[in-house]
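Chain residues, written in single-letter form:
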Amino acid sequence: MGSFNPARLILARERRGLNKSRLAERVGVTAQSLINYEAGRTVPTEPTLAKIADALSFPRAFFDGPEIPKPSIDASSFRALSTMTAAQRDAALGAGALAFEVCRWIEQRFSLPPAKLPDLRGMGPEEAAASLRESWGLGLLPIRSVVHLLELYGVRVFSLSEQSREVDAFSLWHGETPFCFLNTTKSAEHGRFDAAHELGHLVLHRHGAPSGRAAEHEADTFASAFLMPRSSVRSEVPSAASLRHLIALKKKWNVSVAALANRSHKVGVLSDWHYRGLCIEMGKRGYRTAEPDPMPNRETSQILHKVFAALREDGLSKADIAKDLCLYTNDVDAIVFGLVLTPIDGGGTAADRPGAPPRTPPSLRLVKS
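Residues numbered from 1 in each chain as written. Predicted model: local features only at pLDDT ≥ 70, side-chain atom pairs only at ≥ 80, totals over all residues. Heavy atoms only, no water.

**As for the nonpolar core**
Item 1. Among the nonpolar cores identified, the biggest contains 111 residues, and Phe63 and Phe226 are the most heavily contacted of them.
Item 2. Excluding its chain neighbours within four sequence positions, the residues that come into contact with Phe63 are Ser3, Phe4, Asn5, Arg8, Leu9, Ala12, Leu49, Ile52, Ala53, Leu56 and Phe58. (Core = buried A, V, L, I, M, F, W, Y, C linked by side-chain atoms within 4.5 Å. Buried < 20%, exposed > 50% of the residue type's maximum accessible area, 1.4 Å probe, protein only. Contact = heavy atoms within 4.5 Å.)

Written out as structure tokens, the structure is:
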């Protein structure tokens, strides 16, 4: 058994959304004792550490080993930081830290696409969206899958957990690798827009400026322009479009009816008066919370699908991944929830097959969407 690492205790506690007092109460120690454990001034006894592990639903072995990198608040693109509780924010960042570990585990076994996102700092969001579409050869065509496109250009896409369900999404650069974390309990249309919004942050705000509302407005404008090119919307949406027209047309770009109405207004197709009327009607019909004629399926991950399919062929399961990382399987599940449909449980492990040749890390081939 290795040495107790206080940084891992802090990560596990924050991942579960607990403050020091609540955890101390669950474990049966004083709050000061827990403060001392996390500060590295004292080391908990093995019986106490077992209680801590049980209270936080982490294996005892998780609390040993090296420190796990954790996303910083300043480097992460939280959409509503001012309205989030500290516990929600820390739980989301904790999910990010565990995703770094899962990604590291995958990258040791597979050759993933390198990051190829341009630095568009200094461009306006509308201009940046058009520039990126041109450089990626998208033209004015609707984007089939934003998640697949992100992965093709090296973005690592993971899911947020249930503990972070109040967080729409966030993104950041971890070293030279871009990460995007999506709340996969939202509607499919919402998820696509979130993914495009985070792409906006990654290409426009890698160096941290602007921040706050200005950055969020830029990312929203980028996402809207990236998903719904100006000339395409102007040619497809009539100036007197009814809500029924917009519900039918939104399928062309796979966006919400509210997003299409907003974009149509911003590009000058809908007048202020007409747009206000549509917003009132959408509110009365409940379309802000329940999307009319929704997309049948959420976008999923090509990379995770291919990785887990390959692991299954080798007889590896989520339990094997979790064991290697000193996690329980539910934490691995949470990181990929809603992004991969292929099960990887069962089949034993590669160690159960004597004489099996070592696996050469495969290069995953992704298809542009």
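**Focus: the sheet that holds strand E2 (residues 169–174)**
Item 1. The mixed open sheet is built from three strands, whose spatial order is E1-E3-E2. Either end of the sheet is taken by a strand with one partner, and the two such strands are strand E1 (156–159) and E2. Pairs of neighbouring strands in the sheet enclose a mean axial angle of 20 degrees, with direction left out of account.
Item 2. Pairing of E2 with strand E3 (residues 177–182), which is carried by six bridges, proceeds in the antiparallel orientation. Bridge pairing links Phe170 to Phe181 in E3. (Pairing = 2+ DSSP bridges. Helix = DSSP H or I, 4+ residues; strand = E, 2+ residues; numbered from the N terminus. Axes fitted to C-alpha atoms, helices over the stretch in contact; angles between N-to-C directions.)

**Focus on the side chain of His205**
Item 1. Inspection of the secondary structure puts His205 in the loop between helix H8 (188–204) and helix H9 (212–227).
Item 2. At a separation of 2.8 Å, a polar atom in the side chain of His205 contacts the side chain of Glu218. (Polar contact = N/O pair within 3.5 Å; in protein donor to acceptor, adjacent residues only side chain to side chain.)

**What to know about the pattern of salt bridges**
Item 1. Taken as a whole, this structure holds 21 salt bridges when the rule is applied.
Item 2. Among the salt bridges present, the one from Lys70 reaches Glu14, with a minimum N-O distance of 2.1 Å. One end of the pair, Lys70, is in the loop between helix H4 (46–56) and helix H5 (86–107); the other, Glu14, is in helix H1 (residues 6–15), with 56 residues separating them in the sequence.
Item 3. Across the salt bridge formed by Glu281 and Arg285, the nearest N and O atoms sit 3.2 Å from each other.
Item 4. Overlapping salt bridges bring together Arg15, Arg16 and Asp331 as one network. (Salt bridge = Lys/Arg side-chain N within 4 Å of Asp/Glu carboxyl O.)

**Description of helix H13 (residues 272–284)**
Item 1. Here H13 is 13 residues long and its end C-alpha atoms lie 19 Å apart, about the 18 Å a rise of 1.5 Å per residue gives.
Item 2. His274, Tyr275, Leu278, Cys279 and Met282 are the residues of H13 that are buried. Viewed along the axis of H13, the buried residues span an arc of 140 degrees, placing them on a single side of the element. Residues of H13 that are exposed and point more than 90 degrees away from the buried face comprise Trp273, Arg276 and Lys284.
Item 3. In the stretch just after H13, Gly286 is the one whose phi turns positive, near 75 degrees. (Expected span 1.5 Å × (residues − 1). Arc of directions from axis to C-beta.)

**Examining the pairing of E1**
Item 1. Every second residue of E1 is oriented toward a common face, with Arg156 and Phe158 on one face and Val157 and Ser159 on the other, all of them buried.
Item 2. As paired strands, E1 and E3 are joined by four bridges and run parallel to one another. Its bridge partner lying in E3, Arg156 is registered against Phe179.

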